[in-house]
Amino acid sequence: MKKILAILLLPLFFLNNIQAAIIEKKYNVLEKKIINAPPIIEFFSFLCPHCYELEKIYNLNHYIKKHISHSVKIERYHVNFLGGKFGQALTQIWEISKMIGLDNKILIPLFKKIQDEKTITNFHTLKNEFLKLTLINEKELKFLWNCFVIKSIIYNQNIIQNTINLDHIPSILINGKYSIDNEKINYNSKKEFIKDYIHVIKFLLKKK
């Protein structure tokens with residue numbers, strides 16, 4: 001009986017190994033693991049055309065949240081190595097929007113006005129648009145801008161970026177140890193892209 005069971009399970013064993021081998025080509029192992037990192041970290045920038053494409057066309061973040069357990073914490077970090085001081089201001093604005101729970105409200109509008117309409121080009125135009133979208137006043141924004149918690153979050157985020165030598169976006173970090181190789185994901189169609197991406201994420205979340 002045990003021999004029969006072993007024979008029946010053999011094809012499944014080989015199939016799993018083949019699938020694992022295929023997935024291994026779609027991620028990289030970091031040289032140094034990030035201790036106490038959230039299970040999923042998404043790095044992006046409002047100045048990155050491909051980041052905008054993933055959000056506008058593929059709606060990747062939506063599907064990650066939809067297909068990954070709600071118990072798995074997902075963080076989205078805006079990198080500040082693009083755009084100089086303007087990029088740093090965008091990072092600050094993004095963290096403020098997360099703190100007040102309006103990150104989803106400003107995401108696409110900021111992408112659109114920065115990359116399509118090009119009406120946000122500096123801190124002044126960014127601030128005006130942010131106040132318009134969030135309906136907070138300048139006094140509240142100034143308080144949040146100087147908030148110690150916001151500065152601490154950005155400081156810790158920069159440590160993670162420097163530790164993994166992050167030099168490209170969009171980038172997704174899993175369990176502080178694995179980064180997905182976007183170029184190896186199936187781009188044949190939106191459906192296949194989402195399916196492949198989610199499959200790799202789920203695989204890496206289980207991997208030690």
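I will try to describe carefully the structure that is included in this document.

**Re the environment of Ile 93**
Along the chain, Ile 93 falls in helix α4 (residues 84-99). Through-space distance from the C-alpha of Ile 93 to that of Ile 150 is 9.6 Å; in sequence the pair is 57 residues apart. In this structure, Ile 93 is in contact with Ile 106, Leu 110, Leu 126, Phe 130, Leu 141 and Trp 145, ignoring residues within four places of it in sequence.

**Looking at the pattern of salt bridges**
The final tally for this structure, using the stated rule, is ten salt bridges. The residue Lys 98 makes a salt bridge to Glu 75 at a minimum N-O spacing of 3.1 Å. Of this pair, Lys 98 sits in helix α4 while Glu 75 sits in strand β3 (residues 74-78); the two residues are 23 residues apart in sequence, bridging distant segments of the chain. Taking the shortest distance from any N to any O, the salt bridge between Glu 117 and Lys 113 comes out at 3.3 Å. Connected through shared salt-bridge partners, Lys 73, Glu 75, Glu 95 and Lys 98 make up one network.

**Looking at a nonpolar patch on the surface**
On the surface, Met 99, Phe 148, Val 149 and Ile 153 cluster together into a nonpolar patch covering about 380 Å² of accessible area. Sort the elements by how many residues they give to the nonpolar patch and helix α8 (residues 148-163) lands first, with three residues. With respect to the element layout, Phe 148 can be found in helix α8.

**Structural notes on the nonpolar core**
Phe 43, Phe 46, Leu 110, Leu 126 and Leu 173 are the most contacted members of the largest nonpolar core, which totals 38 residues. Secondary-structure elements contributing two or more residues to this core are β2 (40-44), α2 (49-58), α4, α5 (103-116), α6 (123-134), α7 (138-145) and α8. Top contributing element to this core by residue count: α4, with six residues. Not counting chain neighbours up to four residues away, the residues in contact with Phe 46 comprise His 78, Leu 90, Trp 94, Leu 107, Leu 110, Phe 111, Ile 114 and Gln 115.

Criteria and thresholds
Residues numbered from 1 in each chain as written. Predicted model: local features only at pLDDT ≥ 70, side-chain atom pairs only at ≥ 80, totals over all residues. Heavy atoms only, no water. Helix = DSSP H or I, 4+ residues; strand = E, 2+ residues; numbered from the N terminus. Contact = heavy atoms within 4.5 Å. Salt bridge = Lys/Arg side-chain N within 4 Å of Asp/Glu carboxyl O. Patch = residues over 30% accessible without salt bridge, like charges linked within 9 Å, V, L, I, M, F, W, Y side chains within 5 Å. Areas by Shrake-Rupley, 256 points an atom, 1.4 Å probe, with all protein chains shown as cover. Core = buried A, V, L, I, M, F, W, Y, C linked by side-chain atoms within 4.5 Å. Buried < 20%, exposed > 50% of the residue type's maximum accessible area, 1.4 Å probe, protein only.

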